[in-house]
Amino acid sequence: MEKLKHILSFSLLLLLLVANKSTFSQISYTIYKVDVGCNNSSLGEIEINVTPTNPPYTYVWNSGQTTNLIENLSVGNYSVTIIDDLGNDTIITVSIIENECEMIPAIAFTPNGDGINDTWFIQNYQYFPNALVQVFDRLGALVFEQQGLYEAWDGKSPLGTPLPDASYYFIVFKDKSDKSAIKKGTVSIVK
């Protein structure tokens, strides 16, 4: 009889747990986000992926959208309420920020006059109007210098003669008056 009471008590407890599953349930999710590009060059997006426990899910964003993916977002905070089939809900807030602009120098160029990749390209340079770019040969001699808005280097020396195929060392200062914010590396001339 005592054993039967324990089995009934355990069964009743199990039944209560199953009946009150919403009290113990939590929605599991992963967040994928893309922040706004440097100088608003691209917009952001957020995607919420829910681990299936009690599908289907309802998504209600503070922006009014009702899907797990929202796109074309500007900088700001976005929140979503996710509700599963049992009525369990989870509120998630995600911040979209603007990526910092960075200059990204190409690692090589081919100044051979064919019209393809003839100059050294530095991505995002237009966002740094006070920049300073310096390029040195392997002996440390300055072979190129540009201040202010960047005009692409054509692989020629300060005297206008084509430089030989080689790796050259560069220093890029985001602001010529602030020598602490720099990018260093090598660029190769390949003809």
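Anyway, here's the lowdown on the structure attached to this text. On a predicted model such as this, the values are computed, not experimentally measured, just so you know.

Evaluation of the coordinates by the stated rule reveals 8 aromatic pairs. Ring geometry for Tyr-125 versus Tyr-150: centroids 4.8 Å apart, planes at 50 degrees, classification tilted. Of this pair, Tyr-125 sits in the loop between strand 9 (122-123) and strand 10 (132-136) while Tyr-150 sits in the loop between strand 11 (142-147) and strand 12 (166-175), placing them 25 residues apart in sequence. Tyr-150 shares its class with Tyr-125; the two are buried. With a centroid separation of 5.4 Å and 25 degrees between ring planes, the pair formed by Phe-144 and Trp-153 is classed as stacked. Residue Phe-144 shares its accessibility class with Trp-153, and that shared class is buried. Taken together, the ring pairs connect Phe-109, Trp-120, Tyr-125, Phe-144, Tyr-150, Trp-153, Tyr-168 and Phe-170 into an aromatic cluster.

Spatially, the 5 strands line up as an open sheet ordered 8-13-12-10-11, and their pairing is mixed. Strand pairing shows two members of the sheet lacking a second neighbour, strand 8 (108-109) and strand 11, which therefore form its edges. Alignment of strand 10 against strand 11, held across 5 bridges, turns out to be antiparallel. The residue of strand 11 that forms the bridge with Val-135 is Phe-144.

This part takes up the sheet that holds strand 4 (residues 69-73). Strand order in this open sheet of 3 strands is 1-2-4, and the pairing throughout is antiparallel. A strand with exactly one partner marks an edge of an open sheet, and here the two such strands are strand 1 (29-34) and strand 4. Within this sheet the neighbouring strands show an average axis-to-axis angle of 10 degrees, counted without direction. Bridge analysis of strand 2 (residues 44-50) against strand 4 gives 3 bridges, and the strand direction is antiparallel. For Ile-46, the partnering residue across the bridge sits in strand 4 and is Ile-70.

The rules behind these values
Residues numbered from 1 in each chain as written. Predicted model: local features only at pLDDT ≥ 70, side-chain atom pairs only at ≥ 80, totals over all residues. Heavy atoms only, no water. Phe/Tyr/Trp six-rings, centres within 6.5 Å; stacked < 30°, edge-to-face > 60°. Helix = DSSP H or I, 4+ residues; strand = E, 2+ residues; numbered from the N terminus. Buried < 20%, exposed > 50% of the residue type's maximum accessible area, 1.4 Å probe, protein only. Pairing = 2+ DSSP bridges. Axes fitted to C-alpha atoms, helices over the stretch in contact; angles between N-to-C directions.

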